[in-house]
Amino acid sequence: MENSMQRLPGIGKQRARLFARLGIETISDLLQYFPREYEDRSHVVSLGEADGEAGLPVLVCGTVGTIQELRPRRGMTILKVVLRDETGSVEMTWFNQPFKKKQFHTGMTVTAFGKIEWAYGRRQMNTPDVEEGRPHGNGFMPVYGLTDGLKQNDLRRAVRAALALARQEPELLPAPCVATRHSVQPRLAVYEQMHFPVTREEQEKARQQLAYEELFDMQMGLLLRRRKEGGRQGIKCGPNGSLLRQLFAQLPFQLTRGQTAAFLDIQNDMEGEVPMQRLIQGDVGSGKTVVAALALAKIVENGYQGALMAPTEILAVQHYEEFCRLFHDLPVRIALLTGRTGEKERKTLLAELDAGTIQILIGTHALIQADVLFADLGLVVTDEQHRFGVRQRAALQDKGRSPHVLFMTATPIPRTLALSLYGDLDVSSIRELPPGRKVVKTYAVGESMRQRIYAFMRKNMAQGQQCYVVCPLVEESENVDLQAATALYDTLRTAVFPEFSCGLVHGRMPGKEKDAIMEQFSSGAIQLLVATSVIEVGVNVPNATLILIDGAERFGLAQLHQLRGRVGRGDLQAYCILLAHQGSEETRQRLHYMETIHDGFALAEKDLLLRGSGQLFGYLQHGLPDLKAADIIRDVSLLAAARDEARQVLQAGVDETHVLAALSRRFGASFERLLNN
Ligand code: ADP
Ligand code: MG
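The structure presented is a predicted model; accordingly, all values stated were derived computationally and were not measured. All chains use their own residue numbering, which begins from 1 and follows the written sequence. Just so you know, chain letters begin at A and ligand numbers begin at 1, following the order they were written in. Residue-level local features of this predicted model are given only where pLDDT is at least 70; pairs of side-chain atoms are given and counted only at 80 or more, and the full residue set underlies all totals for whole chains, interfaces and linings. Note that water and hydrogens are dropped before the side-chain values are worked out from all heavy atoms of the structure.

Structural notes on the packing of helix H8 (residues 288-301) against helix H9 (residues 313-326)
The N-to-C vectors of H8 and H9 enclose an angle of 60°; their axes lie 11 Å apart at closest approach. On the basis of the axis angle, H8 is oblique to H9. In this structure, H8 crosses over H9, and the sense of that crossing is right-handed. Taken together, the residues of H9 that come into contact with H8 (itself represented by Thr-289, Val-290, Ala-292, Ala-293 and Leu-296) are His-319, Glu-322, Phe-323 and Leu-326. The axes used here are C-alpha line fits, helices contributing only the stretch in contact, and every angle between their N-to-C directions lies in the interval 0 to 180 degrees. Numbering of helices and strands starts at the N terminus; helices are DSSP runs of H or I of at least 4 residues and strands are runs of E of at least 2. Each angle is binned into one of four classes, with values under 35 degrees roughly parallel, values over 145 roughly antiparallel, values of 65 to 115 roughly perpendicular, and all other values oblique. A clockwise turn of the near helix away from the far one marks a right-handed crossing, whereas an anticlockwise turn of less than a right angle marks a left-handed crossing. Contact definition: two residues touch when any of their heavy atoms are within 4.5 Å.

Observations concerning the site of ligand 1
Neighbouring residues of ligand 1: 17 residues in total, closest Gln-254, Gly-285, Lys-288, Thr-289 and Arg-437. In the analysis that follows, any N or O atom pair within 3.5 Å is treated as a polar contact, provided that within protein one partner can donate a hydrogen and the other can accept it, and provided that, for residues neighboring in sequence, both atoms belong to side chains. In this structure, an oxygen atom belonging to ligand 1 sits 3.4 Å away from a main-chain N or O atom of Ser-286. Gly-287 places a polar main-chain atom, nitrogen or oxygen, 3.0 Å from an oxygen atom of ligand 1. If ligand 1 stood free it would expose 570 Å²; the protein chains cover 83% of that surface. Per-class residue counts for the shell around ligand 1 are four nonpolar, eight polar and five charged. Note on definitions. A residue lies near a molecule or strand when any single heavy atom of the residue is within 4 Å of it. The Shrake-Rupley method, run with a 1.4 Å probe sphere, supplies the accessible areas, and residue values consider only the shown protein chains as cover. Gly is placed with the polar residues, together with every amino acid not listed as nonpolar (Ala, Val, Leu, Ile, Met, Phe, Trp, Tyr, Cys and Pro) or charged (Asp, Glu, Lys and Arg).

Description of the sheet that holds strand S19 (residues 502-505)
Spatial strand order, S17-S22-S21-S18-S20-S19: six strands in an open sheet with parallel pairing. Only two strands of the sheet have a single neighbouring strand rather than two, namely strand S17 (441-445) and S19. Each strand axis lies, on average, 15° off the axis of its neighbour in the sheet, ignoring direction. Paired strands, in this sense, are two strands between which DSSP finds at least two bridges. Sheet analysis places strand S18 (residues 466-471) next to strand S20 (residues 528-532), joined by five bridges and oriented parallel. Its bridge partner lying in S20, Val-469 is registered against Val-530. On the sheet, helix H13 (residues 450-462) packs against S17, S18, S20, strand S21 (544-550) and strand S22 (575-579) and is oriented at approximately 160° with respect to S21. Sitting on the sheet, helix H16 (residues 557-564) touches S17, S18, S21 and S22, and the angle it makes with S21 is about 150°.

Quick word on the confidence of the model for the chain
Averaged over the chain, the pLDDT score is 86; the fraction of residues at 70 or greater is 89%. pLDDT under 50 marks residues 614-622. Its contacts with residues more than four places away, or in other chains, come to 33 contacts. Think of pLDDT as the predictor's per-residue confidence, scored from 0 to 100.

Details of the pairing of strand S4 (residues 89-95)
For every residue, the accessible area (1.4 Å probe, protein chains only) is compared with the maximum for its type, and the residue is labelled buried under 20%, exposed over 50%, or partly exposed between those bounds. Burial analysis of S4 places five of its seven residues in the buried class, which makes it a mostly covered element. By the bridge criterion, seven bridges tie strand S3 (residues 78-84) to S4 in an arrangement that is antiparallel. Bridging across to S4, Leu-83 finds its partner in Val-90. In sequence, S3 turns back onto S4 through a hairpin of four residues. In this sheet, strand S7 (residues 122-126) lies alongside S4 in parallel orientation, the contact comprising three bridges. Its bridge partner being in S7, Glu-91 is matched across the sheet by Gln-124.

Section: the packing of aromatic side chains
Each aromatic pair joins two rings of Phe, Tyr and Trp (for Trp, the six-membered one) with centres within 6.5 Å, and gets the label stacked for planes under 30 degrees apart, edge-to-face for over 60, and tilted for any other angle. Inspection of every chain in the model, using the stated rule, returns ten aromatic pairs. On the basis of an interplanar angle of 55° and a centroid distance of 4.9 Å, the ring pair of Tyr-468 and Phe-521 is categorised as tilted. With Tyr-468 in strand S18 and Phe-521 in helix H15 (residues 511-523), this pair connects stretches of sequence that are 53 residues apart. Both residues of the pair, Tyr-468 and Phe-521, belong to the buried class.

Here we look at the sheet that holds strand S5 (residues 109-114)
Overall, mixed pairing links the seven strands, which are arranged S6-S7-S4-S3-S2-S5-S8 in an open sheet. Strands with a single pairing partner mark the edges of an open sheet, and in this sheet they are strand S6 (116-119) and strand S8 (129-132). When the angles between neighbouring strand axes are averaged without regard to direction, this sheet yields 40°. As defined by bridge partners, strand S2 (residues 58-70) adjoins S5 across six bridges and the pair is classed as antiparallel. Of the residues in S5, the one forming a bridge with Thr-63 is Thr-109.

Looking at H9
Every helix has an expected span of 1.5 Å times one less than the residues it contains. Over its 14 residues, H9 runs 20 Å from end to end, which matches the ideal 20 Å to within 8%, given 1.5 Å per residue. When H9 is considered as a whole, its buried residues turn out to be Glu-313, Ile-314, Leu-315, Ala-316, Gln-318, His-319, Phe-323 and Leu-326. Taken together, the buried residues of H9 touch helix H6 (242-249), H8, strand S11 (305-309), strand S12 (334-337), strand S13 (360-363) and H15.

Concerning the environment of Arg-122
Position of Arg-122 among the secondary structure elements: in strand S7. Classification of Arg-122 as partly exposed rests on a relative accessible area of 46%. With 31 residues separating them along the chain, Arg-122 and Glu-91 place their C-alpha atoms 7.7 Å apart. Every residue in contact with Arg-122, bar those within four places of it in the chain, is listed here: Glu-91 and Glu-117. At 3.1 Å, the side chain of Arg-122 and the side chain of Glu-91 are in polar contact.

Things to note about the packing of H16 against helix H17 (residues 585-596)
A pair of packed helices is characterised by two quantities: the angle between their axes and the separation of those axes. In the contact formed by H16 and H17, the axes pass within 10 Å of each other and the chain directions differ by 35°. Handedness of the crossing formed by H16 with H17: right-handed. Residues Leu-557, Leu-560, His-561 and Arg-564 of H16 form the contact with H17, whose own contacting residues are Arg-590, Leu-591, Tyr-593 and Met-594.

Rendered as C-alpha cells:
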C-alpha cells in the first residue's frame, strides 16, 4: 500500500504491528499521532544556573572533562563523564552501559538533555540524552504516547522519516477538511510544526489550524445529518386540544418557568413541518418527566402513539406510576413493557400496541425488541439519554415513520457548548427547580468525623427518615470494592445500626434482586441502603434525606452531583456528606465546589474545566468522533466559528457524497454509522 508504515526505514512487519497497537496503520495516521507533550529544548541553560529545582529536564552544552569507568562489583559498571562550561560543571552518569564510553573523549563538545539532581553536593545528570556538538535540533522535542516495545526515539525517528517522505509526496499528508475557505499555511509545515516546533507559539498556531479543520468537519457531519432529518416530512400536530387542556388543569402543581418554556419549544417543534429533534437538559429533580408527559399527550391527541424509554426497570416503573397519576381519569391508555413483563401479558400488550389501542408505552430496552410494533408511533422520548448508545436510540425511532424525538438528560453541559456539540439537536434547558425545594446541605469531612456522622444518621432514621451510604466502585478491581462495600454493610448492619433494617445493592447483583431491594427501600421497609455507585439514576424516594458518600475523592463532580440528587426530593431538609480519605489539592477544590455550588449547570462547567473534555465523550455517548488536535472545551470559540462556517458552506451547496466520503475517511466507521442512521 502506498501509505503503508512499512515504507519507512527500519519498519518491517513486526514494528508495523506495534505501531498498529497505537492505532497507527498508515503514514498519515502517524502524522496525525500528535505528541502528548513537548520537552523544551529551545534554550541552553548554563551549568552554573542549572540547579534542578523545578525537576524538569534541561538542555546543557559544554566540554567533556574526565571520563571515568567504575566497577564497584562484578557485572556492574558506572560511567561518569564530567561536562563543563564557563559557569560550572555537571557529572553525567550511566549504569551498566559500558558501550557508552566509546562515544566520549576529553575535550569534545557535547549537548545533553536531562534532569539535574544533587548528590553529595555535586550536580548530576543520570542517563541524559547526549549528542555531539552544539545544539542543532533546537526547539521542542515531541513526547508521544507509547506502547510496549516502542520507545520515544522509535516514534521520533518514524515521524521524522514520514515528514521527509511527505516532502516528496505531499499526497501522504492527511487530507485537509472537506470544504473551507480557511486554508492558510502549506500543509507540510503545519505537520512539522505539530511534531517538531521551534517555538510554543508556532505549535499552538499549527494546532489551531488542525483543530479548526477537525471541528469544521465534525460540524459538517452533524449539520448534514440534521439536514437529512429536516428533509423528512414530520408529523404536523394541530394546536393544543382538549386532552392537553384537561391534563394541564389537573396537574398537581404549577409548572416552573423552565418547564413552561421547554414545553413551548416542544409545542412549536411538533406543530412544525419537520420532525422534532430536541434535547431537554435539566438538573436532577427539575421536573423533566411532566414535560415528557405533556409532549406525549400532544402526540396522543393528534391520533398517534408515543413511547418513553428509560435506562432501568425501576425508572420505567416510576415513570409509569407517575404517568398513571398525571393522566388519572383521562381517556389515555398507558402501558408498561420491561424485560420482566410476563409472557402472556406481553403478548396481549403487543397485540394492543399493534392495533393502536395502547397510546403511550413506557419501558426499558425491552421497547426496541424486534417484535414490538406500533400502529403509528409519532413521538419517541428517551430519558437519561446519555445512558443509551446511539444505536439503541435509533432502533426505537425506526419503529415509526420519522417520529418526533425528544431526549432528556440530567447531565447538563453549558449551553454554548451544547449547541455546537450536539450540532444536530435543538436544546432546551430547565434551569430552576420547583419552588419549595430546599438546598441539600453539603459537607465535606474527613475520616475523624465518621462516628459523629453515624450519630447524625441515627437521629434522622429514628425520626422516620431514610439514608443512603454510597461506597465507590473502581472498575479495575470490582471484587476488592465489592468486598469493601460488603464489609461496610456488615459493620453498619450489625455493629452500628442494629436497630434499623439495612440493605445492600451492587453492580454484580442480578437485576431482579437489585430491584427487589430498591423497591423495599422505596416503600420504606429498608431504612438504610448501602450501595456501590450503581444507585439507579433518577430514582425517587422523597423520604430519603441523607446521603453519605464514602470515598468521595473517588468520584467526579458530575457523579457526585447526580448522587446528591437522590436526596432532597421531599419537603424535609436533606444532607449530603462527602467523606474523603485523602485530600489532594484537586480533591479539596472539587469537594469545595460541591459544598458551595448547587446548580448542576454551574457544576458541569467546573467539572469540564477540572477534568477536561476526555470525560465528556464517554459520558454523553453521543457517538462523536475522537478529536486529535481539537479540545472541545478549550476550543469552544473555534468550535462556534467552525459551526458558522460549516453552515454557510452547506447553504452555498456541496457535493454531499463527496463530503460524506471524506468525513468517514477522517472519522472512521462509527461516525459514519451516526451519520447514516
Ligand atoms: P427529573 O427532572 O429529575 O426527572 P422529575 O420529573 O422526576 O425530575 O421530578 C421530580 C419531582 O418533582 C417529582 O416528584 C415531580 O412530581 C415534582 N415536580 C415536577 N415539576 C414540579 C413543579 N412544577 N412543582 C412542584 N413539583 C414538581
Ligand atoms: Mg428523570
